[in-house]
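Per-entry structural report
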Amino acid sequence: MTTHTPADTFPRQYARTLRYTVGAPRSFSVAPDGSRVVFLRSPSGGDRANLLWTLDTATGEERIAADPAALLGGGEEDLSPAEKARRERSREGSAGIVGYALDGAGRHAAFALSGRLFVADLVAGTATELPAEGPLVDPRLSPDGVHVAYATTAGELRLTRTDGTGDRALASPEGPNVTWGQAEFIAQEEMDRDRGHWWSPDSDRLLVERADDTPVHRWWIADPANPDREPAEVAYPAAGTPDAEVGLWLLGLDGSRTEVVWDRAAFPYLARVHWSHGGVPLLLVQSRDQRVQRILGLDTATGATEPLHEERDDAWLELFPGVPAWTPDGKLVRISDESGARALVIGEHTVTGPDLHLRSVLAVTPEEVLFTASGGAAETDPEPGWVAVGRIGHDGKRLSWEAANGRPFTSVTTAVHAAGITVRATAEPDLPGTLVRVSRDLPEGVAVDDIATVASYAETPVITARPVFRFAGERRIPAAVFLPTGYDRERDGLLPVLMDPYGGPHGQRVVQAHNPHLNSQWFADQGFAVVVADGRGTPGRGPAWEKSIAFDFAGATLDDQVDALRALAGEFPLDLDRVAIRGWSYGGYLAALAVLRRPDVFHAAVAGAPVTDWRLYDTHYTERYLGHPAERPEVYEANSLTGYAAGLERPLMIIHGLADDNVVAAHTLRLSSALLAAGRPHTVLPLSGVTHMTPQEEVAENLLLLQVDFVKKSLGG
């Protein structure tokens, strides 16, 4: 890690370094022969532009494979609106090379830079630009390395040769709202699927998404600070309204076209596509209510599909990274809640039990499956917030763990694996940043052979997080508590409390790591006892825990914040007469909900980018948890905030970026209007030109300072 600038304050450093991610290695791949590891990393903790790097697994030597500054001749990046939107969907705040795709041998990497196409030779250490129609996104090398397929912002899927010849369109849009080869908005935002074309293992054709968002309602996002600019048109599928029409086609390099056929009326969501060497292509499709899904096998000769497995759930069905997939001998690999636990299933057998909560599949080898998992809800669980990498044989035996510093269950870990090489990224509560190790598999019973540690250039934080982890109350709610640095109970007494949750689906805040807690520690150092609690609905504790919020955001998630607060007050110096709550996105919703519904507990709130009317949020997310608004209007009324406006008794600050196209500013404006109509004073802080990510350094810094000032004044401090 690099040192920080001496004049840095935490808010400035935290914002400037994108939460200390700048300069940290990321986006790892292992070549199929295990000879090299490929990754991205910027040259320092103060430079957001990522370079493409390789690490030689024989020597541990790192080498630059592509430098965007050299490739662009020192010029500035020029990002298209489509690429900016794509990065917003993936919460990507860095610059330079932000993604790449390898060929089948792992020798070449294709990437887009400033809307142009480049291919790097990872052995020679050279990178060249290929002629291509731009601006382009998501270039993908064919497994044989001869071609690159890429999508354009004009909606085309094009093909070019890596020798710089033969650029041509494989598919062109039939209308202004049609795209080929790109994931639609809902797939990017909610399904964790950011690609729309997949090469065949034989490099002779591609599976290609065709999306038509003509049915999707249009919204208009204006910039009130610049009234001379035209509003931006956004196709936004709000709850209860039409989604884009999504289909899939087999496109041959010889010009052939075959439509992939499945019951799109019953299963309109294309959630996953998997095409491994020697295996039948797999599709995972979902019903609109996400309570039924099918894994389909595809006949590539005819485009017909055959159901291989169907799953149903009365609440909803989750999507997971890495599945469905095939084992080399033809067993289907999936993650399922059918047993009551979130378990790994290989073929016909559930191979993990209720003591584990599966998170993802990392790799499938001929002998075993690598996965990430955390603890279930057992009383014997260790401290909350651990995620570890496990390996298990196809028969469910030989379970082992990828330990870090001898602590397999107290680290947040992710990994990639191929050809006996594993790259593990590990974070721990008492160590800033992330440690990335490259290791070689050795025979069973022999210690792992560490090849190298990948260097991190991320800055060292100017403060140290000191989380104290607990399971709070009868429901054993995962929680972390932060006290001011140097706090002395006899001298300082009880402290005003700041609850700092996300508190909703897919947002785990209580993790066994250091850097994710720095923001909470900084708030604690301003004179608060800060509590982060992951109540029901948050991930990591089992299907029943997550799905207990079905059709009821406003009940369980708020109740668990109250219960955690009261339980922790028995051990920590929490002044329950001075309690504030803050949050962003779902956390903003929860913060506003807290002062509106429980003013007896919460005395002030800061709500950042809150969803206030769930009918204004997108289909796939909202209908998964609350159902269709036409079928359950009472659920939407009970879970939206505007109906509670007349009950506001406490200070409330609402913050919203006016350029936010995820949680649009209409949410805040509607709540503010309802509060005004009810005669309830409140504060609104509009952020001109700011999106949901608030990437601007000055904005992010000052938001922290303004929140502290508001909370202190509101609590009388």
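To keep things clear, this report deals only with the structure shown in the data block. (Residues numbered from 1 in each chain as written. Predicted model: local features only at pLDDT ≥ 70, side-chain atom pairs only at ≥ 80, totals over all residues. Heavy atoms only, no water.)

**Description of the sheet that holds strand β34 (residues 421-428)**
Overall, antiparallel pairing links the 4 strands, which are arranged β33-β34-β35-β36 in an open sheet. Of all the strands in the sheet, just β33 (412-418) and β36 (449-454) have a single pairing partner and so form its edges. Neighbouring strand axes in the sheet, compared pairwise and without regard to direction, differ in orientation by 25° on average. Sheet topology note: the strand β35 (residues 431-440)/β36 ladder contains 5 bridges and is antiparallel. Bridged to Arg440 within β36 is Asp449. (Pairing = 2+ DSSP bridges. Helix = DSSP H or I, 4+ residues; strand = E, 2+ residues; numbered from the N terminus. Axes fitted to C-alpha atoms, helices over the stretch in contact; angles between N-to-C directions.)

**What to know about the packing of aromatic side chains**
By the definition in use, this model includes 25 aromatic pairs. Taken together, a centroid distance of 6.4 Å and an interplanar angle of 65° make the contact between Trp53 and Tyr457 edge-to-face. Here Trp53, found in strand β3 (residues 49-56), pairs with Tyr457, found in the loop between β36 and β37 (468-472); they are 404 residues apart in sequence, far enough to count as distant. An angle of 75° between the planes, with centres 5.2 Å apart, marks the rings of Tyr589 and Trp614 as edge-to-face. Of the two residues, Tyr589 is situated in helix α9 (residues 586-597) and Trp614 in the loop between β42 (604-608) and α10 (619-626); the sequence distance between them amounts to 25 residues. For the pair shown, Tyr589 and Trp614 are each scored as buried. An aromatic cluster is built from Trp316, Tyr502, Phe553, Tyr586, Tyr589, Trp614, Tyr617, Tyr621 and Tyr625, whose rings are joined through pairwise contacts. Stacked on the ring of Phe551, the Lys or Arg Arg632 has its end atom at 3.8 Å from the ring centre. (Phe/Tyr/Trp six-rings, centres within 6.5 Å; stacked < 30°, edge-to-face > 60°. Buried < 20%, exposed > 50% of the residue type's maximum accessible area, 1.4 Å probe, protein only. Lys NZ or Arg CZ within 6 Å of the ring centre and 35° of its normal.)

**Topic: the nonpolar core**
By size, the foremost hydrophobic cluster in this structure holds 77 residues, and its most contacted members are Phe553, Phe602, Trp614 and Leu652. Looking at this core, the element that brings in the most residues is α9, giving 9 residues. By size, the runner-up hydrophobic cluster in this structure holds 30 residues, among which are Phe10, Ile655, Val690 and Val708. (Core = buried A, V, L, I, M, F, W, Y, C linked by side-chain atoms within 4.5 Å.)

**What to know about the pairing of strand β41 (residues 574-584)**
The pairing of strand β39 (residues 495-499) with β41 spans 5 bridges and is classified as parallel. Its bridge partner being in β41, Met499 is matched across the sheet by Ile581. Alignment of β41 against β42, held across 5 bridges, turns out to be parallel. Of the residues in β42, the one forming a bridge with Gly583 is Ala607. The parallel pair β41 and β42, bridged by α9, forms a crossover whose chirality is right-handed. (Right-handed = clockwise from strand over helix to strand, strands pointing away.)

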